[in-house]
Amino acid sequence: MKSQKWKAVPMDISSFTAEDLETFGGIEELSDYEILRSDGTSSKQKKRKKTKPTKEKAKKLKVESNGDTSDDEADNDNDELDISAWGGCLHDSIIRALKELGFQKPTKIQELTIPVAIRGNQDILGAAETGSGKTLAFGIPIVNNIISIKASRIQKAELENVEYSKPLYSIILTPTRELAIQIKNHLQAICKYTDIKIGVLVGGLAPEKQKRILKKCPEIVVATPGRLWEMIEEGESHVSQISNVRFLVIDETDRMVEKGHFAELRKILSLINGNDSNKKRQTFVFSATLTLIHDVPNRIALKKRKKKITQASQKIEYLVKLFGMKNPKVIDITKKTAVVDTLTETQIMCSIEDKDSYLYYFVLMHPGRTLVFCNSIDCVRRLRNVLELLECHPLPLHASMHQRQRLKNLETFEKSENGILLATDVAARGLDIRGIEHVIHFQVPRTTETYVHRSGRTARAEKEGLSLLLIEPQEGVLYKRICKTLNKEQAIPNFPVDHKILKLVKERVTLARQIDKSEHRMNRLNAQNRWFKNAANDLEIDVEEDLLNDVGDEREQAAKTREIKALRKHLKAMLSKPIISKIFTGCFPTKSGKLLSPSVYCPQKAVEAVKKNRKKKQK
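Residues numbered from 1 in each chain as written. Predicted model: local features only at pLDDT ≥ 70, side-chain atom pairs only at ≥ 80, totals over all residues. Heavy atoms only, no water.

Participant: Could you give an account of the sheet that holds strand β6 (residues 170-173), naming the residues involved and the relevant values?
Facilitator: Pairing is parallel across the open sheet formed by seven strands, whose spatial order is β7-β8-β6-β9-β10-β5-β11. Single-partner strands in this sheet number two, and they are β7 (198-201) and β11 (329-332). Going from strand to strand, the sheet's axes swing by 15 degrees on average, the running direction of each strand aside. By the bridge criterion, four bridges tie β7 to strand β8 (residues 220-223) in an arrangement that is parallel. Bridge pairing links Ile-198 to Ile-220 in β8. (Pairing = 2+ DSSP bridges. Helix = DSSP H or I, 4+ residues; strand = E, 2+ residues; numbered from the N terminus. Axes fitted to C-alpha atoms, helices over the stretch in contact; angles between N-to-C directions.)

Participant: Can you explain the packing of aromatic side chains? Please cite residues and give values.
Facilitator: Within a pair of aromatic rings, the relevant descriptors are the distance that separates the centres and the angle that separates the planes. The final tally for this structure, using the stated rule, is three aromatic pairs. Taking the centre distance of 5.3 Å and the plane angle of 50 degrees together, the rings of Phe-362 and Phe-495 count as tilted. Taken together, the residues span a long stretch of sequence, with Phe-362 in helix α14 (residues 355-365) and Phe-495 in the loop between α18 (476-485) and α19 (499-539) at a distance of 133 residues. Judged by its relative accessible area of 1%, Phe-362 falls in the buried class. Between Trp-531 and Phe-532 the ring centres are 5.3 Å apart and the planes differ by 80 degrees, which places this aromatic pair in the edge-to-face class. With relative accessibility at 57%, the residue Trp-531 sits in the exposed group. A cation over a ring is seen here: Arg-96 above Tyr-193, with NZ or CZ 3.7 Å from the ring centre. Cation over ring: Lys-355 sits above Phe-442, and NZ or CZ is 5.6 Å from the ring centre. (Phe/Tyr/Trp six-rings, centres within 6.5 Å; stacked < 30°, edge-to-face > 60°. Buried < 20%, exposed > 50% of the residue type's maximum accessible area, 1.4 Å probe, protein only. Lys NZ or Arg CZ within 6 Å of the ring centre and 35° of its normal.)

Participant: If you had to explain a negative patch on the surface to someone new, which residues and values would you point to?
Facilitator: Taken together, Asp-550, Asp-553, Glu-554 and Glu-556 make up a surface patch of like negative charges. Take Asp-553: it is sitting in the loop between α19 and α20 (554-576). Residue classification places Asp-553 among the partly exposed residues on the basis of a relative accessible area of 44%. (Patch = residues over 30% accessible without salt bridge, like charges linked within 9 Å, V, L, I, M, F, W, Y side chains within 5 Å. Areas by Shrake-Rupley, 256 points an atom, 1.4 Å probe, with all protein chains shown as cover. Salt bridge = Lys/Arg side-chain N within 4 Å of Asp/Glu carboxyl O. Lys, Arg positive; Asp, Glu negative; His and termini not counted. Charge placed at Lys NZ, Arg CZ, Asp CG, Glu CD.)

Participant: Residues and numbers for the pattern of salt bridges, please.
Facilitator: A complete count under the given rule lists 22 salt bridges for this structure. With a shortest N-O distance of 4.0 Å, Lys-166 and Glu-219 are connected by a salt bridge. Here the residue Lys-166 occupies a position in the loop between α5 (134-159) and β6, and Glu-219 occupies one in the loop between α7 (207-215) and β8, the gap between them amounting to 53 residues. You can call Lys-166 partly exposed: its relative accessible area is 29%. With a shortest N-O distance of 3.6 Å, Glu-252 and Arg-429 are connected by a salt bridge. Of this pair, Glu-252 sits in the loop between β9 (247-251) and α10 (253-256) while Arg-429 sits in the loop between β15 (420-423) and β16 (438-441), and the two are 177 residues apart along the sequence. Relative accessible area serves as the criterion here: at 5%, Arg-429 is assigned to the buried category. If you follow the salt bridges from partner to partner, you end up with Lys-150, Lys-166, Asp-195 and Glu-219 in one network.

Put into structure tokens, the structure is as follows:
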């Protein structure tokens, strides 16, 4: 038998007692040996070699270590941050969270709201431009007060030797699901060092999952009116105590009280306002267009029976009565134009057929995170198909999509520097997506409030942004109404367009629209025929040929498919060549003897293009 190599295993014997060491000699390991089995087979075990980390693993470890270092540096920077501007009325846990978030001082709306809400315990009716920090303006006072109330109730329960039950302290109502989730995330950030729990109730997500959230008794519930009322009707115990809620928030109020929307809101309000014994309730009502008033058309004004709100004071009085507010503090920091100074407003007058070309031109020549608004879901779907053919890869967002897909698209859009989001007005209010450079109104919004909220998705937190209206002749009335309501003395300036490039862009867009139209027609006719055939099969009857759409025989359908493939191939060839190369040949010198520089046609920031055009006109 071969001599085996045993190797001593090093070990720390400091933890052993003298008795343990009496009969202990040590531990050795055998790494190279052979196992003989009863069936005569054998297997050799060799010593494992130490493997060096691969380049990828080493790189990953390096990145992780760098990340830890940067986090430590960030923490050190935040420790040195002076946040004395927040005053001394906030709890230490909130101050610590604000410091970690890097919020050195409150915004104007926060500065005016927080002390009044905490010390005076007053109801607040606030109006401020989009991106001004309204969420924390009501969020911080609510969290601060809950900490105080909760501490006193726990102390009382201990003195009385009874178990503390977690009540529902606050209800925050929003018009959209995405806004509700965003508010929850913002509040969670300032509640990081507290034991306050926040729940979200929105449609589009499984009710069973949201019932499990309510079982945990969150102190704050952020909800859309429809799902909240559904839970109340089903008898969920946590939200059934809504009439005793201490803090009520109505965000994006003007949208919530629009006629024909959110019927459940009035039912919820009747429950809350019906409890006369709840004298301590504090109500927060916020919006960017709270005091915006439209001129009443003459045909309505002449009718004595029709009572319309024509003044801001009347609107405020109506809201105070509706929400059961008690002597509210009105804080209005909105300007006459209702938009921030850092927003550059522009417009393009064009035909409805040219809108696609102008949109593609903008996306091509002015890259950046762009949000495109449409008035209908059909328009979003059509635009998506056309821009997909043009290899722009837009992301849709509308009410008919599943909630998970909507949230996924928002997340993808936020991560893409040059992303394009095609959305209906579900994305117009409250959403705080960082770094949106451009908002394009592909269709003119029907109301001034919608225009203000759409435009407010950019130029947030004192950063620059651009809003572009694409106006067809029939939308001129809506455009004039917006200008009049926002007290604009001059028309919105035109956006500068290079018509040489636009002409070449139109060739691509025309071809893409032709492909989309052909494919859409074929798919629609085939879908209708399939529906008739399936219905006939279910009823076990024959389908009459007259009921089916004429899509041609197999040969004709194959020819049509080949035609679309040829068009797609032609478009792909066009897209593979840069537009600039067609304009700049470099063959012929100019009169001055200098060649025209292609840098003139290079993509640039839209805001910079407008500024250059403005300076050019001034000269």
